[in-house]
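In case you want the letters, here they are:
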Amino acid sequence: STFTACCITSFLRGTCAMLREAFKEFDYDADGFIHYKDIADCMRTMGYMPTEMELIEIIQQIKMKWGGHVDFDDFCELIGPRMVAETAHMVGLSELRSAFKQFDFNGDGKISSDEFKEAMKTLLGEKLKKGELEEILSDIDLNKDGNIDFDEFLMMLSAQ
Ligand SMILES: [Ca+2]
Ligand SMILES: [Ca+2]
Ligand SMILES: [Ca+2]
């Protein structure tokens, strides 16, 4: 899921908490939705500067797909990948390597499904839905050997 991918990267730069905070801030009446008119300001609050074209595209999407406003899940779906791409771009390779090491508890250079499960628990602070983890894992594990190596880890962070 987009939100999960976003959360994985989030601990590098606090993106996830940032998304939640920004959403709260711009949901003025606290009804769980952000109006499309506020989306640009909301993104800028998070340090993301959308281009004119991007904004038009985003607003169009909110209008067409969600009737003019987004809830938090839609918001993450919309903004999350952009933030993740930006984040992966901003943080250097060495930072990504140290992030990888935080997943690879036993230091064998691979993230096993158990290690991944543990890391996700820590990162998300909440349980994933049944089967969701397996789904994410199989998306990331490109060569299907049951582990996530560093290349696959990079792909996960940047292939949004
Ligand atoms: Ca609202
Ligand atoms: Ca390992
Ligand atoms: Ca693999």
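This text gives an overview of the structure that appears in the document. (Residues numbered from 1 in each chain as written. Chains lettered and ligands numbered in written order. Predicted model: local features only at pLDDT ≥ 70, side-chain atom pairs only at ≥ 80, totals over all residues. Heavy atoms only, no water.)

## As for the overall build of the protein
Of regular secondary structure, the protein possesses 9 helices and 4 strands. Mapped in sequence order, the helices and strands of the protein form the string α-α-β-α-α-β-α-α-β-α-α-β-α. Every one of the 160 residues in the protein was classed for burial, and the buried ones make up 44%. Taking all contacts inside the protein whose residues are at least 6 apart in sequence as the whole, residues at least 24 apart take part in 61%. Surface summary for the protein: the accessible area is close to 9000 Å², and the carbon and sulfur share equals 52%. (Helix = DSSP H or I, 4+ residues; strand = E, 2+ residues; numbered from the N terminus. Buried < 20%, exposed > 50% of the residue type's maximum accessible area, 1.4 Å probe, protein only. Contact = heavy atoms within 4.5 Å. Areas by Shrake-Rupley, 256 points an atom, 1.4 Å probe, with all protein chains shown as cover.)

## Looking at the coordination of the calcium ion (ligand 2)
Within the protein, the atoms that donate to the calcium ion (ligand 2) are Asp104 (OD), Asn106 (OD1), Asp108 (OD), Lys110 (O), Glu115 (OE) and Glu115 (OE), at distances of 2.3 to 2.5 Å. If you look at the calcium ion (ligand 2), its 6 donor atoms make angles of 53 to 155° with each other, and the shape they trace is irregular. Taken in chain order, the donor set of the calcium ion (ligand 2) reads D-x1-N-x1-D-x1-K-x4-E. Residue Asn106 is classed as exposed on the basis of its relative accessible area, which comes to 54%. (Donors = N, O, S within 2.8 Å, 3.2 Å for Na, K, Ca; no water. Tetrahedral: all angles 85-135°; square planar, octahedral: opposite > 155°, others 65-115°.)

## A word on the coordination of the calcium ion (ligand 3)
Taken together, Asp141 (OD), Asn143 (OD1), Asp145 (OD), Asn147 (O), Glu152 (OE) and Glu152 (OE) make up the protein donors of the calcium ion (ligand 3), found 2.3 to 2.5 Å from the metal. The site at the calcium ion (ligand 3) holds 6 donor atoms, and with the angles between them running 53 to 157°, its shape is irregular. Positions of the donor residues of the calcium ion (ligand 3), expressed as sequence spacing, correspond to D-x1-N-x1-D-x1-N-x4-E.

## Some details on the pattern of salt bridges
Counted by the stated rule, this structure contains 1 salt bridge. Among the ionic pairs, Asp41 bridges to Arg44, the shortest N-O distance being 3.4 Å. Of this pair, Asp41 and Arg44 both sit in helix H3 (residues 39-45), 3 residues apart, which is roughly one turn of the helix. For Asp41, a relative accessible area of 41% gives the class partly exposed. A residue is classified by how much of its surface remains accessible, and Arg44, at 36% relative accessible area, is partly exposed. (Salt bridge = Lys/Arg side-chain N within 4 Å of Asp/Glu carboxyl O.)

## Comments concerning the side chain of Glu152
By the element assignment, Glu152 lies in helix H9 (residues 150-158). The charged side chain of Glu152 is buried without a salt bridge, its nearest counter-charge being Lys144 at 7.9 Å. Within the local environment of Glu152, its side chain forms a polar contact with the backbone nitrogen of Leu142, the two atoms lying 3.1 Å apart. Among the polar contacts listed, one links the side chain of Glu152 to the backbone nitrogen of Asn143, at a separation of 3.1 Å. Those residues in contact with Glu152 that lie beyond four places of it in its chain are Ile140, Asp141, Leu142, Asn143 and Asn147. (Lys, Arg positive; Asp, Glu negative; His and termini not counted. Polar contact = N/O pair within 3.5 Å; in protein donor to acceptor, adjacent residues only side chain to side chain.)

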